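# Remarks on the overall topology
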Amino acid sequence: GKGSDLDKSAVGVFKRLPEGYLELVCCYYGRPEPDEVGEFMVTIGEYYNWAYLAPEVNSYGVGTLRVIRHSVYPNLYRRQELNRATGSWQRNQIGWYTSSSSRPDMIATTKRMLRLGRLIIHDDILLGELQSLVHNEKNGKVEAQRGEHDDAAIMLMIASQVSCEIPEIEAEEGSKARVKTGAALAIEAWDRQMEQDTGGSVVNDLAGLGIF
């Protein structure tokens, strides 16, 4: 459907700053198909220095995740889940899954970051959604008021939780020997050649625009 009351897809790019600060630097709201969301996330992730992608995999998110996996994107958030066979926690599931157990945690994390002033937000839609959130006494959930949306707010909550987990993820990855693939080496060689051929003008132009 195309009604104005339907939920939208919200995609945000966040910059992790020192001392746990998180700044929203780019955002998108719309109603594309799930596979189009995946293509968009891969494209914007590459543009922003191969940023970590943390797609929500509930419901239609499965189609989004399928596209991202097929792209062989290198930096994907993996959530931690209990392996019931071994009794140990493992990061073996790609993407963020909002459940009855993960939702309270990400809400608490976001509230704490807001309380400490560690979230820097420049978007009126997101600010409006945060202000419209209420505690529903019937189901015990924090959600949007009737007639309002919480798509952007959920996007912020996922980013807040993932950002807090990244140091742990990086420590896990740092303990493993990582070897660059032939494709990655070829891209690096191409990048060096392009910079040499242009005298670095492209990089300088982008830096002047505040992109790098």
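The following refers to the structure shown. (Residues numbered from 1 in each chain as written. Predicted model: local features only at pLDDT ≥ 70, side-chain atom pairs only at ≥ 80, totals over all residues. Heavy atoms only, no water.)

We now examine the packing of helix 1 (residues 34-47) against helix 2 (residues 61-70). A pair of packed helices is captured by two measures, namely the crossing angle of their axes and the spacing between those axes. Contact geometry of helix 1 with helix 2 gives a least axis separation of 7 Å together with a crossing angle of 40 degrees. Our classification of the angle between helix 1 and helix 2 gives oblique. Like other packed secondary-structure pairs, helix 1 and helix 2 cross with a definite hand, here right-handed. Each of Pro 34, Asp 35, Val 37, Gly 38, Glu 39, Met 41 and Val 42 in helix 1 lies in contact with helix 2, whose residues at this interface are Gly 63, Thr 64, Val 67 and Ile 68. (Axes fitted to C-alpha atoms, helices over the stretch in contact; angles between N-to-C directions. Helix = DSSP H or I, 4+ residues; strand = E, 2+ residues; numbered from the N terminus. Parallel < 35°, antiparallel > 145°, perpendicular 65-115°, else oblique. Left-handed = near helix turned anticlockwise from the far one by under 90°. Contact = heavy atoms within 4.5 Å.)

Taken in spatial order, the three strands make up an open sheet running 1-2-5, and their pairing is mixed. Two strands bound the open sheet, and with one partner strand each, they are strand 1 (9-16) and strand 5 (119-120). The pairing of strand 2 (residues 22-30) with strand 5 spans two bridges and is parallel. From the neighbouring strand, Leu 22 faces strand 5, where its bridge partner is Leu 119. Along the sheet, helix 1 makes contact with strand 1 and strand 2, crossing strand 1 at roughly 20 degrees. (Pairing = 2+ DSSP bridges.)

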